[in-house]
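An overview of the molecular structure
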Amino acid sequence: MNIRKGLTLLFFMTALFVASPQTVFAAPCSSPYYIEQQFPSTGAEQTRWRLCWRMEKKYGLIITSADFRKSPTSPWVRVFWDARIAEIFVPYHTGTPRFYDIMNYNWPWVPITNTHCPASAGKRLGSGPDICKEVRDRGVSWADDALVRRGQELVLWGVIDASNYNYIIEWTFRDDGTILGRSGATGLIFAGHEETGHMHTTTWRLDVDFNGSSGDSVYLGTHTEIGLTGNDTQSQIFNETGVTWDPEKFSEFNVYDATLKNARGHQSSYRLMPLRWGTARHDEAFTKNDFWVTRQKVGELYAANLPSYVLPSDPVSGTDIVIWYSGSAHHRVRDEDGIHDAAGNWTGVTQMIWSAFTMMPHNLFDKSPLFP
C-alpha cells in the first residue's frame, strides 16, 4: 500500500465501523463527513455508494474516498482516494488579468443556507453548514417501450467565495456507478472588466485507486471512421504525460485495475469522458493538453505545475496513478450579466455556466445494471 495512504487509514482506525457482507470497514471519516447512500433510496437496496468528504479553503469540496457496491452481496470497489479541483484558471481576452483561483489564493467557502439548500431539496451538512446533500431523480435511465426505469443520484455540492465570483463545486454519484464532476461559475464580473470576455478553465485532479491504490493503468481510448466502418481502439500510456482531446476521435481515459474482472471474465474499468463545448488553448504550458496522467506523489496538487510533474517522466503502468482533466467555460459577456446604474455602479449577477466530465463504469457489472 502507498505509505501516505496507509498512514492515513491507520490514523482513522478509531473512526466509524460499518459492516459489509465481506469485512468490517474502518471508515476514514465520521459523521457528518461520512455518507452512505443506497439506491433506490427507498425499498430494497440494489446498489450503494459510501463516501468521505471535506470542505477546505482553496479547493472547496474534496471527496476523500469513494467506494461503490454493485449489489448488496458484492464486494465494495474503491474508485477515488482523493478527488478535487486543482485549478480554475481565468484569463481575460485582453491578456490581463490572468487569475489562478486555486493555486494563488486561499478562498473561503460560503456557509450553506436554507435558501441554498431547502429541506424540500436536500440536507445541509457540516459545521458551517458546509455543503448540500441531495438525492435526486435523474430522469429515465433506460427504457424498452412500456418498460421504463427512472434513475437516482446522490449530489454533494459546496460554494467557494472567490471574491467577485462564486464557484459551485459539485460531485454526483449515480445509482449505476457513474460519477460526474461539475464546476459552475456565477457572481459579478471582475470590476473594470465588465465588458471583457474570459475563460473559466477548471482542472480536476482525480487520485483514482480503482480496486485499491496499486495495480492501476491508463489507456487512451479513441474512435476512428474509415469509409463506412468504425473502429474503437485503446493504447496504454506507459509513462507520465499530457494528452490532447480530439473530438473527432471521442478521446477518453480508461483506468483499469490489474486484477478486477466481472463474472463474465471481462476486465473492469472506469472511463473518463469530457462533457464540453469547446477547447481553450492559452500561452501557459499546462493548457496545451486536456488530459494528464501522473504517478501519485505527495505535494503534486496544482495544475499549473503539470509540465514539471511529468519531467522526468516516471512509469505509470500498474501503479498508483492520478489522472487530470481540464474543461473550459467560455464567458461571452452579455446584457444579462448586469448593467451600470446611474451612479456608474455595476449591478446584476452572471447566471451559472458549467464545465464538467463524467466517469462511467465499463464491464464492472455482469449485465445491465438496475434491470429489470
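In the block above lies the structure referred to throughout.
All of the points below concern the structure found in this document. (Residues numbered from 1 in each chain as written. Predicted model: local features only at pLDDT ≥ 70, side-chain atom pairs only at ≥ 80, totals over all residues. Heavy atoms only, no water.)

1. Things to note about the state of the cysteines
- For the coordinates displayed, the defined rule picks out two disulfides.
- Each sulfur of the disulfide joining Cys-29 and Cys-52 lies 2.0 Å from the other. Between Cys-29 and Cys-52, the S-S dihedral sits near -85°, and the bridge is therefore left-handed. Of this pair, Cys-29 sits in the loop between strand 2 (24-26) and strand 3 (34-39) while Cys-52 sits in strand 4 (residues 47-56), and the two are 23 residues apart along the sequence. In this pair, the class of Cys-29 matches that of Cys-52, namely buried.
- Disulfide pairing is shown between Cys-117 and Cys-132; the S-S distance is 2.1 Å. In this structure, the disulfide formed by Cys-117 and Cys-132 twists by about 65° around the S-S bond and is classed as right-handed. Taken as a pair, Cys-117 in the loop between strand 7 (98-100) and strand 8 (123-125) and Cys-132 in strand 9 (residues 131-144) lie far apart in primary sequence, 15 residues in all.
- A residue is classified by how much of its surface remains accessible, and Cys-132, at 0% relative accessible area, is buried.
- With its disulfide-bonded cysteines labelled consecutively along the sequence, the protein chain is connected as 1-2, 3-4. (Disulfide = S-S within 2.5 Å. Helix = DSSP H or I, 4+ residues; strand = E, 2+ residues; numbered from the N terminus. Buried < 20%, exposed > 50% of the residue type's maximum accessible area, 1.4 Å probe, protein only.)

2. What about the side chain of His-200?
- Its location among the elements puts His-200 in strand 13 (residues 198-208).
- One polar contact links His-200 to Tyr-167, side chain to side chain, over a distance of 3.2 Å.
- Ignoring sequence-local partners within four residues, the contact set of His-200 consists of Phe-89, Val-90, Tyr-165, Tyr-167, Ala-185, Gly-327, Ser-328, Ala-329, His-331 and Ile-353. (Polar contact = N/O pair within 3.5 Å; in protein donor to acceptor, adjacent residues only side chain to side chain. Contact = heavy atoms within 4.5 Å.)

3. A short note on the sheet that holds strand 17 (residues 252-261)
- Read across the open sheet, the 10 strands follow the order 8-9-10-11-12-23-18-17-14-15; overall the sheet is antiparallel. Looking at which strands have only one partner, the edges of the open sheet turn out to be strand 8 and strand 15 (229-237). Averaged over all adjacent pairs, the angle separating strand axes in this sheet is 25°, with direction ignored.
- The pairing of strand 10 (residues 147-162) with strand 11 (residues 165-174) spans 10 bridges and is classified as antiparallel. When the bridges of strand 11 are listed, Val-155 appears paired with Thr-172. (Pairing = 2+ DSSP bridges. Axes fitted to C-alpha atoms, helices over the stretch in contact; angles between N-to-C directions.)

4. A few points about unusual backbone geometry
- Cis peptide bonds are those with omega within 30 degrees of zero, and the linkage from Ser-31 to Pro-32 qualifies with 5°.
- One can find Pro-32 in the loop between strand 2 and strand 3.
- Residue Pro-312 is bonded to the preceding Leu-311 through a cis peptide linkage, with omega at -5°.
- Of note, Pro-312 is situated in the loop between helix 2 (306-309) and strand 20 (321-331).
- Phi is positive for Ser-163, close to 60°, though the residue is something other than glycine.
- In this fold, Ser-163 is placed in the loop between strand 10 and strand 11.
- Judged by its relative accessible area of 51%, Ser-163 falls in the exposed class.
- The residue Phe-250 is not glycine, and still its phi comes out positive at about 55°.
- In this fold, Phe-250 is placed in the loop between strand 16 (241-243) and strand 17.
- The exposed category is assigned to Phe-250, whose relative accessible area is 58%.

5. Regarding the nonpolar core
- Judged by nonpolar contacts, the single largest core of 63 residues is most densely connected at Trp-49, Phe-80, Trp-171, Leu-206, Phe-253 and Ile-323.
- Top element by residues in this core is strand 6 (residues 77-91). It accounts for seven residues.
- For Phe-253, the contacting residues outside a window of four places in its chain are Val-218, Tyr-219, Leu-220, Ile-237, Val-243, Tyr-270, Arg-271, Leu-272, Phe-291, Trp-292, Val-293 and Ile-323.
- Judged by nonpolar contacts, the second largest core, of 12 residues, contains Tyr-100, Phe-286, Ala-304 and Val-310. (Core = buried A, V, L, I, M, F, W, Y, C linked by side-chain atoms within 4.5 Å.)

6. Quick look at the packing of aromatic side chains
- Enumeration over the complete set of coordinates arrives at 24 aromatic pairs.
- Between Trp-171 and Phe-357, the ring centres sit 6.2 Å apart and the planes meet at 75°, which makes this aromatic pair edge-to-face. Residue Trp-171 is found in strand 11, and its partner Phe-357 is found in strand 23 (residues 350-362); the two are separated by 186 residues along the sequence.
- For Trp-171, a relative accessible area of 0% corresponds to the buried category.
- Taken together, a centroid distance of 6.0 Å and an interplanar angle of 40° make the contact between Tyr-309 and Trp-324 tilted. Within this pair, whereas Tyr-309 is found in helix 2, its partner Trp-324 is found in strand 20, the two being separated by 15 residues in sequence. Summarising the burial analysis for this pair, Tyr-309 and Trp-324 share the class buried. (Phe/Tyr/Trp six-rings, centres within 6.5 Å; stacked < 30°, edge-to-face > 60°.)

7. Looking at the pattern of salt bridges
- In total, this model carries 22 salt bridges according to the counting rule given.
- For Arg-98, the salt bridge is made with Glu-284, and the minimal N-O distance between the two is 2.7 Å. Of this pair, Arg-98 sits in strand 7 while Glu-284 sits in the loop between strand 18 (267-275) and strand 19 (291-295), and the two are 186 residues apart along the sequence.
- Across the pair Asp-290 and Arg-281 runs a salt bridge whose closest N-O atoms are separated by 2.8 Å.
- By relative accessible area, Arg-281 is classed as partly exposed at 36%.
- One continuous salt-bridge network, built from bridges that share partners, spans Glu-36, Glu-45, Arg-48 and Arg-69. (Salt bridge = Lys/Arg side-chain N within 4 Å of Asp/Glu carboxyl O.)

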